Amino acid sequence: MILNRRAYQSEEDFWRIRNFLRQVSLTNDHHMFSWPVIRLDYWRWHGIRNLGDGSLERDVIIWETEDQQIAAALNPEERGQVFLQVHPSHKSSELEDEMVAYAEAHLQAPSRRGGQVIWIWSDSNDSQRQAILQARGFIPIHNATEHQWRRSLVLPLPQRSISDGYIIRPLGDVSELPSRSWASWRAFHPDEPDEKYDPDWSWYQNIQAAPLYRSDLDLVAVAPTGDVAAFTTIWYDDETNCGYFEPVGTVPEHQRRGIASALCCEGLRRLKGAGATFAMVVGGTVHANALYRSVFGPEFDLSVPWEKRWD
(Lines give C-alpha, C1' and ligand atoms only; values in the text may rest on other atoms or scores of the structure.)
Protein backbone atom coordinates (compact mmCIF):
# COMPACT_ATOMS: atom_id res chain seq x y z
CA MET A 1 0.00 0.00 0.00
CA ILE A 2 1.27 3.46 -0.92
CA LEU A 3 1.55 5.86 2.00
CA ASN A 4 1.96 9.60 1.63
CA ARG A 5 4.15 11.54 4.04
CA ARG A 6 3.34 15.09 5.04
CA ALA A 7 4.04 17.57 7.80
CA TYR A 8 1.57 18.42 10.57
CA GLN A 9 -0.53 21.28 9.24
CA SER A 10 -3.32 22.36 11.55
CA GLU A 11 -5.23 21.90 14.79
CA GLU A 12 -7.41 19.41 12.95
CA ASP A 13 -4.36 17.16 12.57
CA PHE A 14 -3.88 17.09 16.34
CA TRP A 15 -7.39 15.79 16.94
CA ARG A 16 -7.05 13.28 14.10
CA ILE A 17 -3.81 11.95 15.63
CA ARG A 18 -5.56 11.63 19.00
CA ASN A 19 -8.28 9.48 17.44
CA PHE A 20 -5.64 7.48 15.57
CA LEU A 21 -3.79 6.74 18.82
CA ARG A 22 -7.03 5.57 20.41
CA GLN A 23 -7.57 3.11 17.57
CA VAL A 24 -3.99 1.87 17.85
CA SER A 25 -4.23 1.45 21.63
CA LEU A 26 -7.38 -0.65 21.35
CA THR A 27 -5.91 -2.72 18.52
CA ASN A 28 -2.76 -3.33 20.61
CA ASP A 29 -4.84 -4.32 23.67
CA HIS A 30 -3.48 -1.29 25.58
CA HIS A 31 0.17 -2.24 25.07
CA MET A 32 2.12 1.01 24.68
CA PHE A 33 3.85 0.02 21.43
CA SER A 34 2.54 3.42 20.36
CA TRP A 35 1.57 6.21 22.73
CA PRO A 36 -1.79 6.27 24.48
CA VAL A 37 -3.66 9.45 23.64
CA ILE A 38 -3.03 10.69 27.17
CA ARG A 39 0.73 10.85 26.62
CA LEU A 40 0.24 12.97 23.50
CA ASP A 41 -1.90 15.41 25.49
CA TYR A 42 0.69 15.57 28.27
CA TRP A 43 3.46 16.29 25.77
CA ARG A 44 1.46 19.14 24.26
CA TRP A 45 0.12 20.79 27.41
CA HIS A 46 3.19 20.22 29.61
CA GLY A 47 6.18 19.24 27.48
CA ILE A 48 5.65 21.85 24.77
CA ARG A 49 3.91 24.64 26.70
CA ASN A 50 5.86 24.43 29.96
CA LEU A 51 9.20 22.86 29.05
CA GLY A 52 9.67 23.95 25.44
CA ASP A 53 10.07 20.34 24.29
CA GLY A 54 9.43 20.63 20.58
CA SER A 55 6.64 21.91 18.37
CA LEU A 56 3.66 20.25 16.75
CA GLU A 57 4.05 22.25 13.54
CA ARG A 58 7.81 21.72 13.26
CA ASP A 59 8.32 18.22 14.62
CA VAL A 60 5.28 16.03 13.86
CA ILE A 61 5.12 14.06 10.61
CA ILE A 62 2.13 12.04 9.39
CA TRP A 63 1.90 9.10 6.97
CA GLU A 64 -1.51 8.66 5.34
CA THR A 65 -3.20 6.15 3.07
CA GLU A 66 -4.56 7.22 -0.30
CA ASP A 67 -7.96 7.80 1.30
CA GLN A 68 -6.27 10.07 3.91
CA GLN A 69 -6.47 7.70 6.87
CA ILE A 70 -3.53 8.05 9.26
CA ALA A 71 -1.27 5.01 9.15
CA ALA A 72 1.60 6.34 11.25
CA ALA A 73 2.93 9.46 12.93
CA LEU A 74 6.37 10.51 14.14
CA ASN A 75 7.08 12.88 17.02
CA PRO A 76 9.69 13.71 19.65
CA GLU A 77 9.02 14.13 23.35
CA GLU A 78 12.09 15.67 24.91
CA ARG A 79 14.45 17.05 22.28
CA GLY A 80 16.27 14.26 20.47
CA GLN A 81 13.96 11.53 21.85
CA VAL A 82 11.75 10.21 19.07
CA PHE A 83 8.72 7.92 19.06
CA LEU A 84 7.17 6.03 16.15
CA GLN A 85 3.38 5.74 16.33
CA VAL A 86 2.37 2.98 13.90
CA HIS A 87 -0.94 1.23 13.32
CA PRO A 88 -0.34 -2.55 13.44
CA SER A 89 -2.02 -3.07 10.06
CA HIS A 90 0.55 -0.77 8.42
CA LYS A 91 3.65 -1.86 10.33
CA SER A 92 6.38 -2.76 7.84
CA SER A 93 10.15 -2.56 7.52
CA GLU A 94 9.81 -0.14 4.61
CA LEU A 95 7.63 2.31 6.54
CA GLU A 96 9.66 2.20 9.75
CA ASP A 97 12.97 2.54 7.87
CA GLU A 98 11.57 5.68 6.23
CA MET A 99 10.42 7.01 9.59
CA VAL A 100 13.82 6.39 11.19
CA ALA A 101 15.60 8.01 8.24
CA TYR A 102 13.41 11.10 8.57
CA ALA A 103 14.06 11.29 12.31
CA GLU A 104 17.81 11.04 11.76
CA ALA A 105 17.73 13.90 9.27
CA HIS A 106 15.39 16.25 11.11
CA LEU A 107 15.01 15.42 14.82
CA GLN A 108 18.54 14.95 16.16
CA ALA A 109 19.50 17.29 18.98
CA PRO A 110 22.69 18.72 20.53
CA SER A 111 24.29 16.35 23.03
CA ARG A 112 25.69 17.42 26.38
CA ARG A 113 28.72 15.30 25.45
CA GLY A 114 29.21 17.29 22.24
CA GLY A 115 27.98 16.68 18.72
CA GLN A 116 24.45 15.55 17.90
CA VAL A 117 22.41 12.66 19.24
CA ILE A 118 19.08 10.97 18.70
CA TRP A 119 17.24 8.30 20.66
CA ILE A 120 14.53 6.23 18.98
CA TRP A 121 12.42 4.01 21.21
CA SER A 122 11.48 0.40 20.51
CA ASP A 123 9.62 -2.30 22.40
CA SER A 124 12.11 -4.90 23.60
CA ASN A 125 10.32 -7.62 21.60
CA ASP A 126 10.03 -5.66 18.35
CA SER A 127 12.70 -7.48 16.33
CA GLN A 128 11.71 -5.71 13.11
CA ARG A 129 12.37 -2.22 14.45
CA GLN A 130 15.51 -3.33 16.29
CA ALA A 131 16.94 -4.76 13.06
CA ILE A 132 16.28 -1.45 11.29
CA LEU A 133 17.93 0.56 14.05
CA GLN A 134 20.94 -1.75 14.25
CA ALA A 135 21.43 -1.63 10.47
CA ARG A 136 21.39 2.17 10.60
CA GLY A 137 24.08 2.32 13.29
CA PHE A 138 22.02 2.69 16.47
CA ILE A 139 22.94 0.96 19.73
CA PRO A 140 20.55 0.06 22.58
CA ILE A 141 20.85 1.93 25.89
CA HIS A 142 19.78 -0.72 28.37
CA ASN A 143 20.24 1.41 31.50
CA ALA A 144 17.59 3.94 30.39
CA THR A 145 14.64 1.70 29.67
CA GLU A 146 10.97 2.46 30.34
CA HIS A 147 8.97 -0.11 32.28
CA GLN A 148 5.40 0.23 31.02
CA TRP A 149 3.26 -1.18 33.81
CA ARG A 150 -0.23 -2.49 33.02
CA ARG A 151 -3.11 -3.51 35.25
CA SER A 152 -6.65 -4.67 34.61
CA LEU A 153 -9.15 -2.98 36.90
CA VAL A 154 -11.58 -5.88 36.55
CA LEU A 155 -9.53 -7.79 39.13
CA PRO A 156 -9.65 -6.91 42.85
CA LEU A 157 -7.61 -3.81 43.62
CA PRO A 158 -4.76 -3.54 46.15
CA GLN A 159 -5.39 -1.53 49.30
CA ARG A 160 -2.90 0.52 51.29
CA SER A 161 -3.49 2.60 54.40
CA ILE A 162 -2.09 6.11 54.61
CA SER A 163 0.40 7.04 57.33
CA ASP A 164 -1.04 8.72 60.41
CA GLY A 165 -1.66 12.42 59.96
CA TYR A 166 -1.66 12.36 56.14
CA ILE A 167 -4.81 12.83 54.06
CA ILE A 168 -5.42 11.83 50.44
CA ARG A 169 -7.77 14.10 48.52
CA PRO A 170 -8.10 15.94 45.20
CA LEU A 171 -5.91 18.99 44.69
CA GLY A 172 -7.55 22.16 45.96
CA ASP A 173 -8.30 25.40 44.13
CA VAL A 174 -5.78 27.87 42.75
CA SER A 175 -4.62 28.76 46.27
CA GLU A 176 -3.00 25.31 46.59
CA LEU A 177 -1.08 25.48 43.31
CA PRO A 178 2.02 27.07 44.92
CA SER A 179 2.29 24.11 47.32
CA ARG A 180 1.71 21.65 44.45
CA SER A 181 4.37 23.36 42.33
CA TRP A 182 6.91 23.33 45.19
CA ALA A 183 6.22 19.64 45.84
CA SER A 184 6.90 18.86 42.19
CA TRP A 185 10.21 20.69 42.30
CA ARG A 186 11.28 18.93 45.48
CA ALA A 187 10.22 15.50 44.19
CA PHE A 188 11.93 15.71 40.81
CA HIS A 189 14.92 17.95 41.66
CA PRO A 190 15.98 16.64 45.09
CA ASP A 191 19.64 17.50 44.58
CA GLU A 192 19.11 21.01 43.21
CA PRO A 193 19.56 24.04 45.49
CA ASP A 194 16.34 25.77 46.46
CA GLU A 195 17.63 28.96 44.80
CA LYS A 196 17.04 27.38 41.39
CA TYR A 197 13.32 26.97 42.01
CA ASP A 198 11.08 29.24 39.92
CA PRO A 199 8.15 30.25 42.16
CA ASP A 200 5.91 30.95 39.16
CA TRP A 201 3.34 28.18 39.61
CA SER A 202 1.17 29.24 36.66
CA TRP A 203 2.68 26.39 34.60
CA TYR A 204 0.27 24.06 36.38
CA GLN A 205 -2.70 25.82 34.84
CA ASN A 206 -1.51 24.63 31.42
CA ILE A 207 -1.78 21.06 32.66
CA GLN A 208 -5.25 21.74 34.00
CA ALA A 209 -6.25 22.99 30.52
CA ALA A 210 -5.55 19.59 28.89
CA PRO A 211 -8.67 17.95 27.41
CA LEU A 212 -8.71 14.89 29.69
CA TYR A 213 -7.86 16.70 32.93
CA ARG A 214 -10.24 15.89 35.77
CA SER A 215 -9.91 17.63 39.10
CA ASP A 216 -11.32 14.60 40.92
CA LEU A 217 -8.42 12.49 39.59
CA ASP A 218 -5.69 15.03 40.39
CA LEU A 219 -4.74 13.64 43.79
CA VAL A 220 -2.45 14.83 46.56
CA ALA A 221 -1.38 13.46 49.92
CA VAL A 222 -1.35 16.32 52.38
CA ALA A 223 0.99 16.26 55.39
CA PRO A 224 -0.09 17.23 58.91
CA THR A 225 1.44 20.67 58.22
CA GLY A 226 -1.01 21.18 55.36
CA ASP A 227 1.72 20.99 52.70
CA VAL A 228 1.51 18.72 49.65
CA ALA A 229 3.71 15.71 50.46
CA ALA A 230 2.99 13.54 47.42
CA PHE A 231 0.91 13.78 44.27
CA THR A 232 -0.31 12.00 41.17
CA THR A 233 -2.39 13.21 38.26
CA ILE A 234 -4.49 10.48 36.66
CA TRP A 235 -5.75 10.88 33.11
CA TYR A 236 -8.86 8.93 32.16
CA ASP A 237 -9.82 8.38 28.51
CA ASP A 238 -13.39 7.12 28.43
CA GLU A 239 -13.04 6.29 24.72
CA THR A 240 -10.62 3.48 25.56
CA ASN A 241 -11.69 3.03 29.22
CA CYS A 242 -8.06 3.43 30.20
CA GLY A 243 -6.33 5.51 32.86
CA TYR A 244 -2.73 6.73 32.87
CA PHE A 245 -0.77 8.00 35.90
CA GLU A 246 1.48 10.95 35.03
CA PRO A 247 3.25 12.16 37.09
CA VAL A 248 3.75 10.43 40.44
CA GLY A 249 6.03 12.06 42.99
CA THR A 250 6.84 12.35 46.69
CA VAL A 251 8.73 15.14 48.45
CA PRO A 252 12.01 13.59 49.77
CA GLU A 253 11.34 14.13 53.49
CA HIS A 254 8.03 12.26 53.15
CA GLN A 255 9.41 9.24 51.31
CA ARG A 256 9.56 5.67 52.64
CA ARG A 257 6.28 6.01 54.52
CA GLY A 258 4.07 4.23 51.98
CA ILE A 259 2.41 7.49 50.96
CA ALA A 260 2.90 7.11 47.18
CA SER A 261 1.66 3.52 47.36
CA ALA A 262 -1.51 4.56 49.19
CA LEU A 263 -1.97 7.44 46.74
CA CYS A 264 -1.72 5.15 43.69
CA CYS A 265 -4.11 2.61 45.22
CA GLU A 266 -6.64 5.38 45.84
CA GLY A 267 -6.12 6.45 42.23
CA LEU A 268 -6.91 2.96 40.95
CA ARG A 269 -10.05 2.88 43.08
CA ARG A 270 -11.22 6.22 41.71
CA LEU A 271 -10.43 5.19 38.15
CA LYS A 272 -12.51 2.05 38.49
CA GLY A 273 -15.33 4.09 39.98
CA ALA A 274 -15.20 6.40 36.95
CA GLY A 275 -15.67 3.45 34.59
CA ALA A 276 -12.08 2.58 33.67
CA THR A 277 -11.21 -1.06 33.04
CA PHE A 278 -7.46 -0.65 32.58
CA ALA A 279 -4.63 1.42 34.08
CA MET A 280 -1.07 2.19 33.00
CA VAL A 281 2.00 3.96 34.30
CA VAL A 282 5.60 4.31 33.08
CA GLY A 283 8.60 3.87 35.39
CA GLY A 284 12.16 4.85 34.63
CA THR A 285 14.00 4.33 37.93
CA VAL A 286 14.56 1.45 40.33
CA HIS A 287 12.50 3.07 43.09
CA ALA A 288 9.64 4.01 40.78
CA ASN A 289 9.47 0.52 39.33
CA ALA A 290 9.44 -1.05 42.80
CA LEU A 291 6.48 1.16 43.68
CA TYR A 292 4.59 0.36 40.49
CA ARG A 293 5.20 -3.37 40.76
CA SER A 294 3.75 -3.32 44.28
CA VAL A 295 0.60 -1.51 43.12
CA PHE A 296 0.09 -2.54 39.50
CA GLY A 297 1.35 -6.11 39.76
CA PRO A 298 4.01 -7.93 37.76
CA GLU A 299 2.87 -7.23 34.18
CA PHE A 300 4.90 -4.75 32.13
CA ASP A 301 6.38 -4.14 28.70
CA LEU A 302 9.93 -2.88 28.31
CA SER A 303 10.68 0.01 25.95
CA VAL A 304 14.34 0.51 25.05
CA PRO A 305 15.96 3.67 23.64
CA TRP A 306 18.36 3.15 20.74
CA GLU A 307 21.01 5.83 20.32
CA LYS A 308 22.95 7.24 17.39
CA ARG A 309 25.58 9.96 17.66
CA TRP A 310 27.31 12.31 15.26
CA ASP A 311 30.52 14.23 16.02
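Above this note sits the structure.
Read on for an overview of the structure. Quick caveat: nothing in here was measured; it's all calculated off a predicted structure.

## Quick word on the packing of helix α4 (residues 93-106) against helix α5 (residues 127-135)
Part 1 of the reasoning: Between α4 and α5, whose axes approach to 10 Å, the crossing angle comes to 45°. Relative to α5, the element α4 is oriented oblique. α5 is crossed by α4, and the crossing has right-handed handedness. Only Gln-128, Arg-129, Ile-132 and Leu-133 of α5 make contact with α4, whose side of the interface consists of Ser-93, Glu-96, Asp-97 and Val-100.

## Describing the layout of surface pockets
Part 1 of the reasoning: Roughly 430 Å³ of internal volume is contained in the second largest pocket.
Part 2 of the reasoning: Lining of the second largest pocket is provided by 15 residues; of these, Glu-78, Arg-79, Gln-81, Arg-112 and Val-117 occupy positions nearest its centre.
Part 3 of the reasoning: Listing elements by their share of the lining of the second largest pocket, those giving two or more residues are β5 (109-110), β6 (116-123) and β14 (300-310).
Part 4 of the reasoning: When residues in the lining of the second largest pocket are grouped by element, the largest group, 3 residues, is from β6.

## Quick notes on the pairing of strand β11 (residues 228-237)
Part 1 of the reasoning: The buried fraction of β11 amounts to 10 of the 10 residues, a majority that puts the element mostly inside the structure.
Part 2 of the reasoning: Both strand β10 (residues 218-222) and β11 contribute to a ladder of 5 bridges, which runs antiparallel. Bridge assignment links Ala-221 to a residue of β11, and that residue is Ala-230.
Part 3 of the reasoning: Where β11 and strand β12 (residues 242-250) come together, 7 bridges link them in antiparallel fashion. Opposite Ala-230, over in β12, you have Thr-250 as the bridge partner.
Part 4 of the reasoning: Remark: 4 residues form the turn of the hairpin made by β11 and β12, two consecutive strands paired antiparallel; Asn-241 in that turn has positive phi of roughly 55°.

## Here's the deal with empty space enclosed by the protein
Part 1 of the reasoning: In the structure shown here, the tally under the stated rule is 3 cavities of 30 Å³ or more.
Part 2 of the reasoning: Put simply, the largest cavity is a space of about 120 Å³.
Part 3 of the reasoning: Lining the largest cavity are 15 residues, with Met-32, Phe-33, Phe-83, Trp-121 and Ser-303 sitting closest to its centre.
Part 4 of the reasoning: Elements supplying a minimum of two residues to the lining of the largest cavity: β4 (81-86), β6 and β8 (146-152).
Part 5 of the reasoning: Taken together, the residues of the lining of the largest cavity break down into 6 nonpolar, 5 polar and 4 charged.

## Regarding helix α6 (residues 177-188)
Part 1 of the reasoning: An ideal rise of 1.5 Å per residue puts 16 Å on 12 residues; α6 measures up with 16 Å between its terminal C-alpha atoms.
Part 2 of the reasoning: Burial in α6 covers these residues: Leu-177, Arg-180, Ser-181, Ala-183, Ser-184, Trp-185, Arg-186 and Ala-187.
Part 3 of the reasoning: Elements that come into contact with the buried residues of α6 comprise α7 (203-208), β10, β11 and β12.

## Structural notes on the side chain of Gln-81
Part 1 of the reasoning: Here Gln-81 lies in strand β4.
Part 2 of the reasoning: Classification of Gln-81 by relative accessible area gives buried; the value is 16%.
Part 3 of the reasoning: Apart from the residues lying within four places of it in its own chain, the contact partners of Gln-81 are Asn-75, Pro-76, Trp-119 and Trp-121.

## Here's the deal with the nonpolar core
Part 1 of the reasoning: Ile-17, Leu-40 and Trp-235 are the most contacted members of the largest nonpolar core, which has 44 residues in total.
Part 2 of the reasoning: Beyond its immediate sequence surroundings of up to four residues, Leu-40 is in contact with Phe-14, Ile-17, Arg-18, Leu-21 and Trp-35.
Part 3 of the reasoning: In terms of nonpolar packing, the next biggest core, distinct from the first, is built from 28 residues, Trp-149, Ala-221, Ala-230 and Ala-276 among them.

## A word on the pattern of salt bridges
Part 1 of the reasoning: Taken as a whole and assessed by the stated rule, the structure comprises 26 salt bridges.
Part 2 of the reasoning: In this structure, Glu-146 engages Arg-39 in a salt bridge whose closest nitrogen and oxygen atoms are separated by 2.8 Å. Of the two residues, Glu-146 is situated in strand β8 and Arg-39 in helix α2 (residues 37-48); the sequence distance between them amounts to 107 residues. For the pair shown, Glu-146 and Arg-39 are each scored as buried.
Part 3 of the reasoning: Residues participating in the shared-partner salt-bridge network are Arg-6, Asp-13, Arg-16 and Glu-64.

## Overview of the environment of Ser-127
Part 1 of the reasoning: You can see Ser-127 is positioned in helix α5.
Part 2 of the reasoning: A residue is classified by how much of its surface remains accessible, and Ser-127, at 55% relative accessible area, is exposed.
Part 3 of the reasoning: Put simply, Ser-127 and Tyr-197 are 70 residues apart on the chain and 43 Å apart in space, counted from C-alpha to C-alpha.

## Some remarks on the pairing of β14
Part 1 of the reasoning: In this sheet, β14 lies alongside β6 in antiparallel orientation, the contact comprising 8 bridges. By the bridge assignment for β14, Asp-123 is matched with Ser-303.
Part 2 of the reasoning: With 2 bridges joining them, strand β7 (residues 139-140) and β14 adopt antiparallel strand pairing. Among the inter-strand pairings, Pro-140 is bridged to a residue of β14, identified as Trp-306.

Cut-offs and rules
Residues numbered from 1 in each chain as written. Predicted model: local features only at pLDDT ≥ 70, side-chain atom pairs only at ≥ 80, totals over all residues. Heavy atoms only, no water. Axes fitted to C-alpha atoms, helices over the stretch in contact; angles between N-to-C directions. Helix = DSSP H or I, 4+ residues; strand = E, 2+ residues; numbered from the N terminus. Parallel < 35°, antiparallel > 145°, perpendicular 65-115°, else oblique. Left-handed = near helix turned anticlockwise from the far one by under 90°. Contact = heavy atoms within 4.5 Å. 1 Å grid on protein atoms, 1.4 Å probe; cavity = no way out; pocket = protein on both sides within 12 Å on 5 of 7 lines; lining within 4 Å. Points joined across faces, edges and corners; volume = space filled by probe spheres on them. Buried < 20%, exposed > 50% of the residue type's maximum accessible area, 1.4 Å probe, protein only. Pairing = 2+ DSSP bridges. Nonpolar A, V, L, I, M, F, W, Y, C, P; charged D, E, K, R; others polar. Expected span 1.5 Å × (residues − 1). Core = buried A, V, L, I, M, F, W, Y, C linked by side-chain atoms within 4.5 Å. Salt bridge = Lys/Arg side-chain N within 4 Å of Asp/Glu carboxyl O.

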